[in-house]
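Examining the three-dimensional arrangement
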Amino acid sequence: MIYIVKSKDETRALAKSFATKLKKRDIVCLNGDLGAGKTTFTQFVFSALGVKSPVSSPTFSILKIYQGDKFRLNHFDTYRITDMEAIEAGFDEILEDKDSVSFIEWSENISSLIPSKHIDVNIKILDENSREFEIKYE
Ligand SMILES: Nc1ncnc2c1ncn2[C@@H]1O[C@H](COP(=O)(O)OP(=O)(O)OP(=O)(O)O)[C@@H](O)[C@H]1O
Ligand SMILES: [Mg+2]
């Protein structure tokens, strides 16, 4: 499905509706250029799922884990790492955790760890405040 949003508020509304469809063990791959809105979308989904603490970009920490109302929420940013490093860090086990949902920015860097069944969220910048979101359930 393709959604066009014209503001951050519309991104928040889309994130809220997307959040209702998530279930344990889902893996969400966020794809899009720098500044497309991968972190912003994740923040809106996590807050819709009951995360109270502020969700910040995990760029420097690579992984941040939050507790939502129904499941644990993992937020990865694998911009700086490789498959090998991800495995050494135990990320494959975290992705398989049966009680959590994972969001991954730059998942192409760890493609061998991504199961074929995952959700792609492809974000394109249209202009300053507008974005195209393509959401694909595989
Ligand atoms: N409709 C919109 N939806 C989401 N973000 C928007 C929108 N309009 C403007 N923005 C702005 O775009 C930027 C998106 O930044 P964000 O950090 O979420 O991107 P990112 O894809 O995670 O980048 P990076 O690859 O650096 O991690 C923010 O500054 C946000 O305010
Ligand atoms: Mg980001």
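Residues numbered from 1 in each chain as written. Chains lettered and ligands numbered in written order. Predicted model: local features only at pLDDT ≥ 70, side-chain atom pairs only at ≥ 80, totals over all residues.

**Some remarks on helix H2 (residues 38-48)**
- Listed in full, the buried residues belonging to H2 are Lys38, Phe41, Thr42, Gln43, Phe44, Val45 and Phe46.
- Looking at the packing, one finds that the buried side of H2 touches helix H1 (8-20), strand E2 (27-31), strand E3 (63-67), strand E4 (72-77), strand E5 (100-105) and strand E6 (119-125).
- Looking at the residues trailing H2, positive phi occurs at Gly50, about 100°. (Buried ≥ 20, exposed ≤ 12 C-beta atoms within 10 Å, placed from the backbone. Helix = DSSP H or I, 4+ residues; strand = E, 2+ residues; numbered from the N terminus. Contact = placed C-beta atoms within 7 Å.)

**Brief notes about the pairing of E2**
- With respect to burial, E2 is a largely interior element, four of its five residues being buried.
- Two elements, E2 and E5, share four bridges in a ladder whose sense is parallel. Bridging from a neighbouring strand, Ile27 pairs with Ser102 of E5.
- The pairing of E2 with E6 spans four bridges and is parallel. Note on E6: the bridge partner recorded for Val28 is Ile119. (Pairing = 2+ DSSP bridges.)

**Side note on the site of ligand 1**
- Surrounding ligand 1, one finds 17 residues, the nearest of these being Thr11, Gly37, Lys38, Thr39 and Thr40.
- Broken down by secondary-structure element, the contributors of at least two residues to the shell around ligand 1 are H1 and H2.
- No other element matches the three residues that H2 contributes to the shell around ligand 1. (Near = placed C-beta within 6 Å.)

**Notes on the nonpolar core**
- Membership of the largest hydrophobic core comes to 28 residues, with the highest contact counts inside it found for Val28, Leu30, Phe41, Ile104 and Val121.
- Secondary-structure elements contributing two or more residues to this core are H1, E2, H2, E4, helix H4 (91-96), E5 and E6.
- Excluding anything up to four places from it in sequence, Ile104 contacts Ile27, Val28, Cys29, Leu30, Phe76 and Thr78. (Core = buried A, V, L, I, M, F, W, Y, C linked by C-beta atoms within 7 Å.)

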